[in-house]
Amino acid sequence: MTKLAKVRPPMSKPPTTTRTYRVAVIPGDGTGPEVIREGRKVLEAAASLEGFRLTWQPYDVGGERYLKTKEILPDTVLNDLRQVQAIYLGAIGHPDVAPGILERGLLLRLRVELDQYINLRPVKLYPGVATPLKDKGPDDIDFVVVRENTEGLYVGVGGFSRKGTADEVALQTSVNTRKGVERCVRYAFECTRKRNRRKKLTLCGKTNVLTYAHDLWQRVFNDVAKAYPDVTTDYTHVDACCMWMVKNPEWFDVIVTDNMFGDIITDLGAMIQGGMGIAAGGNLNPEGTSMFEPIGGSAPKYTGKNVINPLAAICAGGMMLDHLGESRAAQRIEQAVIQVIPKLKSLAAGKMGYSTTEVGDLVVKHLSDKRHATSDK
Ligand code: IPM
Ligand code: MN
């Protein structure tokens, strides 16, 4: 027997292995790297407080790499991304790259290749955040949009005929498969049940005009609803949905909708919750690799100035930890963000009264506030 074995009692507790998550990071373009830097700082601090580890694998895909090498999403990168437990994305979009190239070739391609069929976008007004909606507060604005993320008008089915002539025809077809609609609707019902708030799921469509595509959505919605008798169902046309989101946002708990309508109504949602400085989202493949991002763009105007608001990226990071099963760390982050918000003059870039770095530091400082630690289960 070795000396070491002698001093160790035979029944000593085996060393516990630290929970470790492998996360790919795509800081991307514009202000993406600045907000991701702060997000990582906050997530690292939350991880050490909750006793788990994050390992980061950075990837430089984005506008700069495209301009240098013409590569958008090399297969080697895509294959790596399939292996990680989550992806943390800053922003995609470069002023010197024509619109559509990076969006389609990188962001939309990732969503489709990784089959991230849900785009989850919480619309939550935190206390002290200014909303443009008169007489509405945090109790009124707290819902989630479940946006279908791989089908609809985003598939890219269509084409031109007689392009450039007076007789030109352009077609763009919305692709809606029963399987694709059903998995999205089912996720939305599960999400409504899990949220356990008003237990109300609203289908947002346009059944009066899109009499094929949204007829399918409506039928699938009604079918799936049978398995969720505890969830109240509702329907709104997308135009009316925009109206109610402004007039009576408190009516919503969870909204499920197709890719295009989801894109549009979540920008409206971002505005009523205080703007792009705070709006976060997740591209989810509940059975695979999910990707988390602040939903604002790359903000070229503010790039490199250390004035962009990192809270949206920090909140997206919180969603990522929640998705990885680290809900206590996610709660810490949300609570810290809630503490920091009242200190900022505004959530808008350049008007916060603090730099990007300082806002990240403030969130880190509040992660260890006593009352959060005790409020955890
Ligand atoms: C979003 C964005 C993207 C979308 C663009 C950049 C392709 O607007 O994530 O909402 O339309 O989905
Ligand atoms: Mn959008």
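Criteria and thresholds
Residues numbered from 1 in each chain as written. Chains lettered and ligands numbered in written order. Predicted model: local features only at pLDDT ≥ 70, side-chain atom pairs only at ≥ 80, totals over all residues. Heavy atoms only, no water. Near = heavy atom within 4 Å. Polar contact = N/O pair within 3.5 Å; in protein donor to acceptor, adjacent residues only side chain to side chain. Areas by Shrake-Rupley, 256 points an atom, 1.4 Å probe, with all protein chains shown as cover. Helix = DSSP H or I, 4+ residues; strand = E, 2+ residues; numbered from the N terminus. Domains from an automatic or database assignment. Contact = heavy atoms within 4.5 Å. Buried area = accessible area lost by both parts, 1.4 Å probe. Salt bridge = Lys/Arg side-chain N within 4 Å of Asp/Glu carboxyl O. Buried < 20%, exposed > 50% of the residue type's maximum accessible area, 1.4 Å probe, protein only.

**Quick word on the site of ligand 1**
With respect to spatial proximity, the complete set of residues near ligand 1 consists of E103, L107, L108, R111, R121, R147, Y154 and D263. For ligand 1, an oxygen atom lies 2.8 Å from a polar atom in the side chain of R147. In the model, an oxygen atom of ligand 1 is placed 2.9 Å from a nitrogen or oxygen of the D263 side chain. Relative to its unbound accessible area of 320 Å², ligand 1 is 75% covered by the protein chains. At four residues, helix α5 (residues 101-113) tops the list of elements feeding residues into the shell around ligand 1.

**Notes on the domain arrangement of the chain**
You can read the domains of the chain as domain 1 (20-121 + 276-377) and domain 2 (131-273). A C-alpha centroid distance of 24 Å is found between domain 1 and domain 2. Counting residues at the interface gives 18 residues for domain 1 and 21 residues for domain 2. With both sides pooled, the region where domain 1 packs onto domain 2 buries about 1600 Å², and carbon together with sulfur makes up 55% of that total. Together, Y117, R121 and M276 form the three largest contributors to the area buried by domain 1 at its contact with domain 2, with a combined 36%. If you look at where domain 1 meets domain 2, you find one salt bridge. As a salt-bridge pair, R183 and D115 come within 2.8 Å of each other at their nearest N and O atoms. At the surface where domain 1 touches domain 2, the tally comes to nine residue pairs in polar contact (both at pLDDT 80 or more).

**Quick look at the side chain of T257**
Counting through the fold element by element, T257 comes out in strand β10 (residues 254-257). Residue T257 is classed as buried on the basis of its relative accessible area, which comes to 0%. Polar side-chain contacts of T257 include one of 2.8 Å to the backbone oxygen of C204. Once residues lying within four places of it in the same chain are set aside, the contact partners of T257 are V145, V146, R147, E148, C204, W217, G262 and I265.

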